[in-house]
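Below are the chains, spelled out letter by letter.
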Amino acid sequence: MENLLTIIVVISVWLLFCVAMWRIHIARQRNNISADTSLLITYASQTGNAQAIANRYAQALHLSEMANVVALNHLSIENLSSVDQVLFIVSTYGDGEAPDNGNLFIKRIQNAIKNTVKLNHLKFSVIALGDTGYPKFCAFGYQVHQSMLDIGSEPNNEVIAVDKYNEQTTTLASITPRWLNIQEVNETSTKTNSPQYWQLTERLLLNPDCDDEKLFQLTFTSIGPTPSWQAGDLIDIQPHQPKAVVNQWLQAHQYDGTQLLTYQGHQQSLSAWLAMRELPNNCTYSINELLDNLPTLTTRSYSIASISEQGQLQLIVRLLEKEENSFGLASGYLSNNCSVGAIVQGQIRSVSTHHQIDNTVPLILIGAGSGLAGLKAQIDARAYFKTKLNKPTGPTWLIFGERNSHSQLPINKYLLTLEESNLAKLSCAYSQDSKQAKYVQHILADEEAMLKQWLSEGAVIYICGCLSGMGESVHNTLIELLGQEKLTELQCQQRYIRDVY
Ligand SMILES: Cc1cc2nc3c(=O)[nH]c(=O)nc-3n(C[C@H](O)[C@H](O)[C@H](O)COP(=O)(O)O)c2cc1C
């Protein structure tokens with residue numbers, strides 16, 4: 001008996017020792033970029049693409065994500081001094097600007113140059129993500145490249161500019177600089193997702209009988225097991241052309257839409273294939289050349305409005321009306337053309353910078369219109385934490401802008417239930433109601449004292465909605481009220497998070 005007790009005590013002490021050593025090892029990895037690292041991968045990413053690529057490289061090159069991958073704002077001159085090679089993977093945001101987690105880097109390099117620092121020993125490559133639809137294509141990537149030249153580092157190659165990166169269609173091989181030795185990059189082991197399909201089960205118009213652009217809440221269930229995601233994640237939806245557009249195009253170009261075509265192992269009618277393709281005015285391809293030559297429509301990203309624990313995926317989509325009866329491709333597809341019961345292809349994109357919110361601290365949610373999606377997911381996450389897991393949560397303050405205050409509108413009914421069920425303190429700005437239009441930034445200015453009080457209690461600010469207009473006005477108002485320095489400090493502490501598009 002005594003022997004058995006001794007054995008149990010020895011095993012327990014050994015286990016405790018192992019756990020302690022493991023925790024020390026993890027803590028070290030978190031705090032340090034290891035000194036003997038010769039390659040560092042750094043990313044600046046607003047919506048998760050550049051970060052996902054950085055992690056795919058780390059995986060493919062058998063590097064530690066914790067020790068070798070770092071957000072650009074966390075990359076110090078000392079880190080750069082201690083490595084031989086740096087791979088920058090940076091996207092461009094706003095109007096040719098840096099993503100929020102990379103916006104301190106250029107200044108840091110410029111300051112180092114002023115202090116006569118040189119990084120001559122260092123070689124680097126920049127993979128720049130962007131979209132040619134924006135006037136300043138990959139501008140931030142080019143700025144990073146130039147800054148590194150200015151500080152004396154040697155480029156391995158020109159900037160690799162990637163247009164409309166898509167995890168499903170852009171292979172690592174096609175964007176990898178040659179020196180990284182592509183042989184080592186095992187594509188299949190680093191492909192994270194296979195296509196996901198969702199059935200539309202409900203479409204609810206949130207603002208009926210209004211003159212405004214229509215706002216829809218869409219509910220989907222997953223085909224197959226529900227994948228998991230967190231509040232703050234996005235979904236990349238594959239849009240489809242309206243049927244009438246495909247038929248018109250087929251007729252104009254004299255193709256038979258009913259003809260069955262087999263492509264990449266799947267067979268369906270030409271009409272079905274073309275629904276997902278760009279349809280140019282001039283097209284002289286033979287029917288068998290079409291699928292190799294017409295590009296697939298670019299996916300569109302939407303903030304997810306629910307959490308996976310609810311077992312369904314929700315989106316809140318504003319129908320973009322271009323001219324009478326002509327709609328935005330993706331919003332038209334989701335709001336008009338795709339019938340309830342239809343299957344939609346959509347890939348969840350994890351955005352880890354949106355995840356790091358401690359449920360116990362106060363949360364200030366700010367947004368307008370379809371930005372309700374990202375805010376609702378945060379509220380749902382807190383509600384789940386509080387009611388299902390029985391854990392204490394910090395208070396939530398929702399500052400929200402819509403056009404019409406009519407209390408019978410489903411959107412306003414939803415907002416009121418949040419207050420009634422104590423899920424959030426509510427401050428609404430309605431732009432079309434009062435004599436003087438009111439927007440969310442006006443609420444911030446009116447409630448300056450309360451805003452500062454919440455921040456002094458450790459609040460996180462989370463913004464979701466359109467960047468031009470709401471996002472920029474809120475950003476500028478916060479600078480006026482708090483000062484640029486304080487806002488940068490909040491950003492570095494992950495307490496100012498923007499999910500704006
Ligand atoms: C609000 C917004 C602004 C953008 N501005 C630019 C831009 O000025 N130039 C550009 O090349 N790409 C721009 N993009 C495209 C992104 O760089 C591109 O989608 C990229 O894949 C995003 O990568 P990330 O997820 O790592 O942030 C913008 C995207 C968004 C959502």
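Residues numbered from 1 in each chain as written. Predicted model: local features only at pLDDT ≥ 70, side-chain atom pairs only at ≥ 80, totals over all residues.

Within an unreviewed UniProt entry, the label attached to the chain reads NADPH--hemoprotein reductase, and the organism entered is Thalassotalea profundi.

Quick notes on the site of the ligand
Note the threshold: We call a residue near a molecule or strand if the C-beta atom, set from the backbone, is within 6 Å of it. Charged means Asp, Glu, Lys or Arg here, nonpolar means Ala, Val, Leu, Ile, Met, Phe, Trp, Tyr, Cys or Pro, and polar covers whatever is left, Gly included.
Surrounding the ligand, one finds 24 residues, the nearest of these being Ser-45, Asn-49, Ala-50, Ser-91 and Gly-130. For the shell around the ligand, the class distribution of residues is 11 nonpolar, 10 polar and three charged.

Focus on helix α16 (residues 467-482)
Formally: Every helix listed is a DSSP run of H or I at least four residues long, and every strand listed is a run of E at least two residues long, numbered separately from the N terminus. Here a helix's expected span is defined as the number of its residues, less one, multiplied by 1.5 Å. Burial in this document is a count-based property: other C-beta atoms within 10 Å of a residue's C-beta are tallied, and the residue is buried at 20 or more, exposed at 12 or fewer, or partly exposed in between, with C-beta positions derived from the backbone. Along the arc lie the directions from the helix axis toward the C-beta atoms.
Between its first and last C-alpha, α16 extends only 20 Å over 16 residues, short of the 22 Å set by a 1.5 Å rise per residue. Buried within α16 we find Met-470, Gly-471, Val-474, Thr-477, Leu-478 and Leu-482. Seen along its axis, α16 keeps its buried residues to an arc of 130°; they face one direction. Exposed and facing more than 90 degrees away from the buried side of α16 are Ser-468, Asn-476 and Glu-480. Two residues or fewer after α16 comes Gly-483, characterised by a positive phi angle close to 90°.

A word on the nonpolar core
Condition: The nonpolar core is taken to be a set of buried Ala, Val, Leu, Ile, Met, Phe, Trp, Tyr and Cys residues joined by way of C-beta atoms within 7 Å. What counts as a domain boundary in this text is fixed by an automatic or database domain assignment. Residue pairs are scored as contacts if the distance between their C-beta atoms, which are placed from the backbone, is within 7 Å.
Residues Ile-304, Ala-373, Ile-399, Val-440 and Tyr-462 are the most contacted members of the largest nonpolar core, which totals 64 residues. Among the elements that make up this core, the one with the highest residue count is helix α12 (residues 372-388) (six residues). Built from parts of two domains, this core gets at least three residues from each of domain 3 (197-349) and domain 4 (356-500). Ignoring anything within four residues of it in the chain, the contact list for Ile-399 reads Ile-364, Leu-365, Ile-366, Ser-427, Val-440, Ile-443 and Leu-444. Leu-72, Val-86, Val-90 and Val-162 belong to the second largest nonpolar core, which has 37 residues in total.

Some points on the sheet that holds strand β9 (residues 234-237)
Selection rule: Pairs of strands are assigned from DSSP output, requiring at least two bridges between the strands. Here an angle of 0 to 180 degrees is reported between the N-to-C directions of two axes, which are lines fitted to C-alpha atoms, with helices fitted over the stretch in contact.
The strand order β12-β9-β16-β7-β8-β13 describes an open sheet built from six strands, whose pairing is antiparallel. If you trace the sheet from one side to the other, it starts and ends with β12 (300-303) and β13 (313-318), each paired once. Each adjacent strand pair in this sheet contributes to an overall mean axis angle of 40°, direction not counted. As paired strands, β9 and β12 are joined by four bridges and run antiparallel to one another. Pairing of Asp-236 across the sheet is with Ser-301, part of β12. Set on the sheet, helix α11 (residues 329-337) makes contact with β8 (215-222), β9, β12 and β13; between it and β13 the angle comes to about 120°.

Some remarks on the pairing of strand β18 (residues 396-402)
Test applied: For the handedness criterion, the strands are oriented away from the viewer, and a crossover whose path from the first strand over the helix to the second runs clockwise is classed as right-handed.
In terms of burial, β18 is largely enclosed, as six of its seven residues are buried. As paired elements, strand β17 (residues 363-368) and β18 share six bridges and run parallel to each other. Each residue of the ladder has a partner; that of Ile-364, found in β18, is Trp-397. Note that β18 and strand β19 (residues 425-430) share six bridges and pair parallel. Directly across from Ile-399, in β19, lies its bridge partner Ser-427. Traced from β18 through helix α13 (residues 410-420) to β19, the parallel crossover comes out right-handed.

Topic: the sheet that holds β17
The five strands are arranged β19-β18-β17-β20-β21 in an open sheet whose pairing can be described as parallel. Edge positions in the sheet fall to β19 and β21 (496-500), since each of these pairs with one other strand and no more. Along the sheet, successive strands turn relative to each other by an average axial angle of 10°, direction set aside. Sheet contacts for α12: β17, β18, β20 (460-465) and β21; angle to β17, the most-contacted strand, approximately 155°.

Some thoughts on the packing of α16 against helix α17 (residues 484-492)
Stated formally: Throughout this description, any angle smaller than 35 degrees is read as roughly parallel, any larger than 145 degrees as roughly antiparallel, any in the 65 to 115 degree range as roughly perpendicular, and the remainder as oblique.
Two numbers describe how α16 lies on α17: the axes approach to 7 Å, and their chain directions differ by 115°. With respect to α17, the axis of α16 lies roughly perpendicular. Along its contact with α16, which presents Leu-478, Ile-479 and Leu-482, the element α17 presents Gln-484, Lys-486 and Leu-487. Considered class by class, the residues forming the contact of α16 with α17 number four nonpolar, one polar and one charged.

Observations concerning the pairing of strand β11 (residues 266-269)
Of the strand pairs in this sheet, strand β10 (residues 260-263) and β11 are connected by four bridges, and their pairing is antiparallel. Counted as the bridge partner of Tyr-263 is His-266 from β11. Between β10 and the antiparallel strand that follows it, β11, lie two residues; Gln-264 among them carries a positive phi value of about 45°.

Regarding the packing of helix α5 (residues 105-114) against helix α6 (residues 139-150)
Condition: A clockwise turn of the near helix away from the far one marks a right-handed crossing, whereas an anticlockwise turn of less than a right angle marks a left-handed crossing.
Where α5 contacts α6, the axes come no closer than 10 Å and their chain directions differ by 15°. Classified by the angle between their axes, α5 and α6 sit roughly parallel to one another. The way α5 lies across α6 gives a crossing that is left-handed. Residues Phe-105, Ile-106, Ile-109 and Ile-113 of α5 touch α6, and the partners they reach there are Gln-143, Val-144, Ser-147 and Asp-150.

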